[in-house]
Amino acid sequence: VQLQASGGGLVEAGGSLRLSCVASGITFSSRGIAWYRQAPGKQREFVAAIRWSGGSTYYADSVKGRFTISRDNAKNTVYLQMNSLKPEDTAAYYCAADTDALVIQRTTRGYEYWGQGTQVTVSS
């Protein structure tokens, strides 16, 4: 089982990035997926989540209106489109997979699968 996150990079404030999380070895279409981020010296925090059907999405207040989570079950991929990036968005971003019931709780505990992280750096 593997979750492969990619798409991070260095961008100026106000810019955009799109992160991808590709899953293999799991029944992707039955899993809720969440994105988390962790800045140096800080705890990992919830960013966004999407139910397995893609019908419902959830966002942290800090990213609402700027980030969009979506999924393509045919490609086993979840995306996080990040617009209007701010320096405070700088962090390593991780995707995680589990049941819908867990991903909407916005907790870091209990996930069966985590990706390896992709670094996002936003310069001011």
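Reading the values: the criteria
- Starting from 1, residues in each chain are numbered consecutively following that chain's sequence as written.
- Given that this is a predicted model, residues contribute local features only at a pLDDT of at least 70 and side-chain atom pairs are listed and counted only at 80 or more, while totals for whole chains, interfaces and linings are drawn from all residues.
- To get the side-chain values, take all heavy atoms of the structure and skip hydrogens and water.
- A run of H or I in DSSP counts as a helix once it spans at least four residues, and a run of E counts as a strand once it spans at least two, with each numbered from the N terminus.
- Exposure is judged per residue with a 1.4 Å probe applied to protein chains only, and the accessible area is read against the type maximum: over 50% gives exposed, under 20% gives buried, and values in between give partly exposed.
- Contact definition: two residues touch when any of their heavy atoms are within 4.5 Å.
- For this analysis, a polar contact is any N or O atom pair within 3.5 Å, provided that within protein one partner can donate a hydrogen and the other can accept it, and provided that sequence-adjacent residues contribute only side-chain to side-chain pairs.
- When the sulfur atoms of two cysteines come within 2.5 Å, that pair is taken as a disulfide.
- Under the pairing criterion, centres of Phe, Tyr and Trp rings, with the six-membered ring standing for Trp, must be within 6.5 Å; the plane angle then separates stacked pairs below 30 degrees from edge-to-face pairs above 60, leaving the rest tilted.
- Look at NZ for Lys and CZ for Arg. If either is within 6 Å of the ring centre and within 35 degrees of the ring normal, a charge sits over the ring.
- Residues belong to one nonpolar core when they are buried, are Ala, Val, Leu, Ile, Met, Phe, Trp, Tyr or Cys, and are joined through side-chain atoms within 4.5 Å.
- The pairing criterion for strands is at least two bridges between them, as found by DSSP.
- Interaxial angle, 0 to 180 degrees, is taken between N-to-C directions of lines fitted to C-alpha atoms, where a helix line uses only the stretch in contact.
- Salt bridge, as used here: a side-chain nitrogen of Lys or Arg that lies within 4 Å of a carboxyl oxygen of Asp or Glu.

Draft legend 1. Here's a closer look at the environment of serine 16. When you line up the elements, serine 16 lands in the loop between strand 2 (9-12) and strand 3 (17-24). With relative accessibility at 41%, the residue serine 16 sits in the partly exposed group. Expressed as a C-alpha distance, the spacing of serine 16 and alanine 96, which sit 80 residues apart in the sequence, is 22 Å. Setting aside residues no more than four positions away along its own chain, serine 16 makes contact with Val11, Gln81, Met82, Asn83, Ser84 and Leu85. Here the side chain of serine 16 touches asparagine 83 through a polar contact of 2.9 Å, side chain to side chain.

Draft legend 2. Inspection of the state of the cysteines at higher detail. With the rule as written, the count across this model stands at one disulfide. What pairs with cysteine 21 in a disulfide is cysteine 95, and their sulfur atoms sit 2.2 Å apart. Since a negative S-S torsion denotes a left-handed disulfide, the cysteine 21-cysteine 95 link at about 75° is right-handed. Note that cysteine 21 is positioned in strand 3 and cysteine 95 in strand 9 (residues 91-98), a separation of 74 residues in sequence. Just as cysteine 21 is buried, cysteine 95 falls in that class too.

Draft legend 3. Focus on the packing of aromatic side chains. In total, this model carries four aromatic pairs according to the counting rule given. Note on tyrosine 36 and phenylalanine 46: the rings are 5.7 Å apart at their centroids and 80° apart in plane angle, and the pair reads as edge-to-face. Note that tyrosine 36 is positioned in strand 4 (residues 32-38) and phenylalanine 46 in strand 5 (residues 45-50), a separation of 10 residues in sequence. Per residue, the accessibility class of tyrosine 36 equals that of phenylalanine 46, and both read buried. Every member of this aromatic cluster is reached through a ring pair, and the members are Tyr36, Phe46, Tyr111 and Trp114. Positioned above the aromatic ring of tryptophan 114, the side-chain terminus of arginine 44 is 4.7 Å from the ring centre. Taking the ring centre of phenylalanine 28 as reference, the NZ or CZ of arginine 71 above it sits at 4.6 Å.

Draft legend 4. Seen up close, the nonpolar core. Membership of the largest hydrophobic core comes to 40 residues, with the highest contact counts inside it found for Trp35, Leu80, Met82 and Tyr93. Leave out the neighbours within four places in its chain, and leucine 80 touches Leu17, Arg18, Leu19, Trp35, Val47, Ala48, Phe67, Thr68, Ile69 and Tyr93.

Draft legend 5. Inspection of the sheet that holds strand 8 (residues 77-82) at higher detail. Spatially, four strands are ordered 1-3-8-7 in an open sheet, and the strand pairing comes out antiparallel. Pairing within the sheet leaves two strands with one partner each, and these edge strands are strand 1 (2-6) and strand 7 (67-72). Within this sheet the neighbouring strands show an average axis-to-axis angle of 15°, counted without direction. Relative to strand 8, strand 7 is paired through six bridges, and the arrangement is antiparallel.

Draft legend 6. Summary view of the side chain of threonine 118. Mapped onto the elements, threonine 118 comes out in strand 11 (residues 118-123). Within the structure, the side chain of threonine 118 is placed 3.0 Å from the backbone nitrogen of glycine 8, a separation counted as a polar contact. For threonine 118, the residues in contact, after removing those within four places along its chain, are Ala5, Ser6, Gly7, Gly8, Leu19, Ala91, Ala92 and Tyr93.

Draft legend 7. Spatial organisation of the pattern of salt bridges. Across all of its chains, the model carries six salt bridges by this definition. A salt bridge links aspartate 61 to lysine 64; its shortest N-O distance comes to 3.3 Å. Classification of aspartate 61 as exposed rests on a relative accessible area of 67%. A salt bridge links arginine 66 to aspartate 89; the shortest N-O distance between them is 2.7 Å. With a gap of 23 residues between them, arginine 66 in the loop between strand 6 (57-59) and strand 7 and aspartate 89 in the loop between strand 8 and strand 9 connect regions that are remote in the sequence. Each member of the pair, arginine 66 as well as aspartate 89, carries the same accessibility label: buried. Among the ionic contacts, a cluster of salt bridges with common partners joins Arg37, Glu45, Arg66 and Asp89.

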